[in-house]
Amino acid sequence: MSKLILQAGKERSLFKHHPWLFAGSVDQLDGRARPGDTVEVVSSRGEPLARAAYSPHSQIRARVWTFDLTESVDHGFFKRRVAAAVARRQALPELAGQEGLRLIHAESDGLPGVIADRYGDTVVVQLTSAGADKWRGAIIDALQLATGCVRIFERSDSEVRKLEGLEPTTGWLLGEAPPEGIHIVENGVTMTVDVVGGHKTGFYLDQRDNRKRLADLAKDKRVLNCFCYTAGFSLQALAGGALDVVSVDSSGPALAIAQHNLALNPALDANRARWREADVFTELRDLRKAGESFDIVVLDPPKFAPSASHADRASKAYKDINLNGFKLVAPGGLLMTYSCSGGIGLELFQKIVAGAARDAGRSARIIQRLQGSADHPVDLAFPEGEYLKGLLVQVD
Ligand code: SAH
């Protein structure tokens, strides 16, 4: 196995079991390795530290598969890691019965570059790193074995593949598209999942608990759901007994699925739903001009800051929607606000929301911090895994 030799002093993060090795920490590659090949990472003194996937095109030059130097990276390795990730979910009662479930959350499940989401008996897999791509056969076999699924769809079209020098690739690896489409039931609500054309692997599973939280708060409330996508939060609000739910998204196709989802749930009162195909930045101002106000405003925007270098511009965008969101909250109402940007930490996000409240002339208090569901765990050695953060704020 070729050796990836670190510069002096650059082994510290590996001692803490952080799985990434940046290009700037590497002294040289001793031997030959192609993208995705397994290399042994050694300190400048020649001490072996880990086995990792080599990625010559990426700033993240290697991602650790194992810190156990006796462990081979082979088919058996992927079988064990995939089975362990699936077992972790089965061990949590809140997750065990979920039809829509993240089975593998990349680094946080010890499988850098591997995402796998289950929607009923379909598994959608997304491979985002050279190492994961190299071992695609082993990963897919292991997923089929661990889940007994009848369909596997690959959605390896994430932008981050470019950074690894990988082409996008999508398609059915096992079975084919079911003619009736793919559906899951989440907290009693049936939702369509567009695994081929939808965002991510088709659905935002990470917000499952937070959508349930909204359902629990929504009885007799007027709710505004901004960035509604396929109406996950909106339908949970209706299921929770909301009086009126206004849903805003700039994507026509997402809103078409949203309305189809409502129709799939005849128990929900469609007369209580209003839809707006619009840019949230302008729609918040327009709603205000129209004299509207809401008991609960939900803001779940897309990732404005994929990395820390975008934090400045992203902060302004978060500030704007939160400021205008606060203005629409009726006295005594709630703002449920999120950021899924890796480049914006919780502390910064809270500061932005505080500034927005101040500039909106509202005093408000955090009643709950919100995070991703338990199938999106955060490995303690990999704090970067904590991308989703939210605040539930009560507004005077
Ligand atoms: N809350 C959703 C997920 C939101 S994803 C859920 O629980 O499923 C973010 C959504 O924001 C996408 O549907 C995207 O179409 C929409 N979007 C992005 N920029 C927008 C903008 N400026 N105005 C309105 N919608 C926008």
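To be clear, the structure that these remarks concern was listed above.
**Looking at the site of the ligand**
So, point 1. With respect to spatial proximity, 16 residues lie near the ligand, and among them Arg211, Asp249, Asp279, Val280 and Asp300 are the closest.
So, point 2. A distance of 3.0 Å is found between a nitrogen atom of the ligand and a side-chain nitrogen or oxygen belonging to Asp279.
So, point 3. A distance of 2.9 Å separates a nitrogen atom of the ligand from a polar atom in the backbone of Val280.
So, point 4. Burial of the ligand by the protein amounts to 89% of the accessible area it has alone, namely 590 Å².
So, point 5. Its residues assigned to classes, the shell around the ligand shows nine nonpolar, three polar and four charged.

**Things to note about the environment of Asp300**
So, point 1. When you line up the elements, Asp300 lands in the loop between β17 (294-299) and α11 (311-328).
So, point 2. Separated by 40 residues in sequence, Asp300 and Cys340 place their C-alpha atoms 8.2 Å apart.
So, point 3. A polar atom in the side chain of Asp300 sits 3.1 Å from the side chain of Gln207.

**So, unusual backbone geometry**
So, point 1. Unlike most non-glycine residues, Lys200 shows phi in positive territory, near 50°.
So, point 2. Despite not being glycine, Phe227 has its phi angle at roughly 65°, a positive value.
So, point 3. In this structure, Phe227 sits in the loop between β14 (222-226) and α8 (232-239).
So, point 4. Owing to a relative accessible area of 16%, Phe227 belongs among the buried residues under this scheme.

**Notes on the pattern of salt bridges**
So, point 1. Under the definition given, this model contains 34 salt bridges.
So, point 2. The residue Arg63 makes a salt bridge to Glu107 at a minimum N-O spacing of 3.1 Å. Linking Arg63 in strand β6 (residues 60-66) with Glu107 in the loop between β7 (100-105) and β8 (114-119), this pair joins segments that are 44 residues apart in sequence. For the residue pair Arg63 and Glu107, the accessibility class agrees, reading buried in each case.
So, point 3. With its nearest N and O atoms 3.9 Å apart, the salt bridge here joins Asp220 to Lys219.

The rules behind each value
- Residues numbered from 1 in each chain as written.
- Predicted model: local features only at pLDDT ≥ 70, side-chain atom pairs only at ≥ 80, totals over all residues.
- Heavy atoms only, no water.
- Near = heavy atom within 4 Å.
- Polar contact = N/O pair within 3.5 Å; in protein donor to acceptor, adjacent residues only side chain to side chain.
- Areas by Shrake-Rupley, 256 points an atom, 1.4 Å probe, with all protein chains shown as cover.
- Nonpolar A, V, L, I, M, F, W, Y, C, P; charged D, E, K, R; others polar.
- Helix = DSSP H or I, 4+ residues; strand = E, 2+ residues; numbered from the N terminus.
- Buried < 20%, exposed > 50% of the residue type's maximum accessible area, 1.4 Å probe, protein only.
- Salt bridge = Lys/Arg side-chain N within 4 Å of Asp/Glu carboxyl O.

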